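Here is how the chains run, residue by residue.
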Amino acid sequence: MTRASDLARLIGAGGSLEGALSVDTINEKTSGNGVTIDSLNIKDSGIGGQQIGGRRNLAYNGAMQLAQRGTSISGITSSVYTLDRVKIFMSGAGTYTVSQSTDTPSGQGFHYSLKLDNTTSDNYGTAGDYVMLRLNSLEQQDVMKLNYGGSSAEKVTVSFWAKFSYADTWNIALINHVAQRSNFKPFTISSANTWQKIELTFDGDTNSGDGFGTSTALGLSIDLWLGAGSSYSGSSATAGVWDERSNHFTSLGAASTDFGSSTDHEMYITGLQLEIGEQATPFEHRSFGEELALCQRYFETGQVESAASFITSTVVLGTMFFQTTKRAAPTIAYTTDFTLYVEASTPSLSSHTANNIGTTSFAPRAVSSSSKNGKAAHIRSGVYTADSEL
């Protein structure tokens with residue numbers, strides 16, 4: 001800092017050093033509670049209850065820039081992952097298309113949003129019908145810092161931008177999957193087809209013993225309830241209070257018009273942020289490469305390319321290393337079978353499988369139509385997926 005005006009701008013005095021140095025009240029605390037300047041508390045853990053630096057956003061792919069499974073997934077009639085880290089849960093409740101859209105709120109720095117479009121309507125005539133977007137799922141070890149299960153449980157704030165084709169009220173629920181407890185809050189879209197910023201602050205779950213551990217299993221999720229039959233609507237449990245998850249089930253469907261009831265209904269969402277504290281701060285934009293690596297912990301797709309060898313007369317085995325260490329040993333699938341090259345020939349293959357699946361690698365395996373026991377080979381051109389979702 002070399003100029004007084006720089007200091008003034010940093011402090012927020014509009015360029016006036018005199019204003020910057022004019023402070024009404026400074027109360028120094030000696031009990032570990034920090035220093036208060038003009039009612040703003042500053043201490044080691046943050047400013048005004050907020051984190052000073054480092055990564056604030058606990059959610060992944062909040063800007064909806066990753067779509068490894070495809071930029072459009074249509075004909076959805078059952079629960080499935082869509083854009084990275086976002087899963088639609090449903091039973092009955094219509095047919096949907098989820099796509100990566102370029103419709104975004106102006107001036108916020110977003111390139112993409114998630115679009116959910118209802119393509120076949122449903123009247124939610126069955127009690128168990130529902131549609132819900134799980135906007136993010138977090139491992140226990142990543143939310144252990146929230147200190148749930150005791151008096152020091154942290155408040156968290158969920159913020160996002162949303163645009164709906166009609167005005168209504170919906171619920172966002174936080175789910176503590178370890179204790180099977182939940183906390184929900186409603187939000188209202190006041191104008192159709194208009195981007196709106198949503199900010200919701202949730203108390204921490206102080207119920208004794210219901211905290212998170214160091215496990216890689218599911219800890220916390222952020223759920224957006226869009227429509228529900230009578231099993232998930234009709235009651236009025238108190239919003240903003242942690243309770244047994246089963247006690248909230250019949251209060252989650254808040255919309256007066258269920259989302260799946262008309263093919264005219266569509267919605268967009270982007271800028272999802274989950275952060276510790278009571279203040280929604282500006283969205284934390286991360287680079288594409290960093291966001292990709294974070295999402296590949298749970299799902300990745302790539303080309304099979306590996307040296308290989310015949311371990312029997314017809315069985316060939318290779319080694320593939322994942323692009324990112326996985327949360328747990330994933331499920332491997334081939335969307336395109338790989339090709340074998342051996343001694344200037346390409347024998348046909350059958351029984352494409354994967355052996356020795358771990359968190360860092362797997363072994364592509366297939367059965368060759370030619371006997372080449374002990375021969376070196378090469379496999380390539382196949383496309384694999386590795387799924388280690390929560």
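The structure we're discussing is the one just above.
Residues numbered from 1 in each chain as written. Predicted model: local features only at pLDDT ≥ 70, side-chain atom pairs only at ≥ 80, totals over all residues. Heavy atoms only, no water.

Asks: What exactly am I supposed to notice about the sheet that holds strand E13 (residues 181-189) here?
Replies: One key point about sheets: their strands pair by backbone hydrogen bonds, in either a parallel or an antiparallel sense. Strand order in the open sheet formed by seven strands is E6-E7-E10-E15-E12-E13-E16, and the pairing between neighbours is antiparallel. The sheet terminates laterally at strand E6 (80-81) and strand E16 (243-244), the two strands that pair on one side only. As defined by bridge partners, E13 adjoins E16 across two bridges and the pair is classed as antiparallel. For Arg181, the partnering residue across the bridge sits in E16 and is Glu244. (Pairing = 2+ DSSP bridges. Helix = DSSP H or I, 4+ residues; strand = E, 2+ residues; numbered from the N terminus.)

Asks: Where do I start with the side chain of Asn136 in this structure?
Replies: The residue Asn136 is located in strand E10 (residues 130-139) in this model. Since its relative accessible area comes to 1%, Asn136 is described here as buried. Setting aside residues up to four positions removed in sequence, Asn136 forms contacts with Ala59, Tyr60, Arg85, Leu220, Ser221, Ile222 and Leu272. (Buried < 20%, exposed > 50% of the residue type's maximum accessible area, 1.4 Å probe, protein only. Contact = heavy atoms within 4.5 Å.)

Asks: How should I be thinking about the sheet that holds strand E9 (residues 113-120) in this particular structure?
Replies: With respect to topology, six strands assemble into an open sheet ordered E5-E8-E9-E17-E11-E14, the strand pairing being antiparallel. Both edges of this open sheet fall to strand E5 (72-76) and strand E14 (196-202), since each of them pairs with a single strand only. Neighbour-to-neighbour, the strand axes of this sheet turn through a mean angle of 20 degrees, independent of strand direction. (Axes fitted to C-alpha atoms, helices over the stretch in contact; angles between N-to-C directions.)

Asks: Help me understand the nonpolar core in this model?
Replies: A general trend in soluble globular proteins is that nonpolar side chains are found buried together. Counting 50 residues, the largest nonpolar core has Tyr96, Leu116, Leu133, Phe187 and Leu224 as its most contacted members. At five residues, strand E11 (residues 156-164) tops the list of elements feeding residues into this core. Setting aside residues no more than four positions away along its own chain, Leu133 makes contact with Val86, Lys87, Ile88, Leu114, Leu116, Ile222, Asp223, Leu224, Leu226 and Met267. Judged by nonpolar contacts, the second largest core, of 18 residues, contains Val316, Ile332, Ala366 and Ala386. (Core = buried A, V, L, I, M, F, W, Y, C linked by side-chain atoms within 4.5 Å.)

All quantities given are derived from atomic positions and should not be read as evidence of function.
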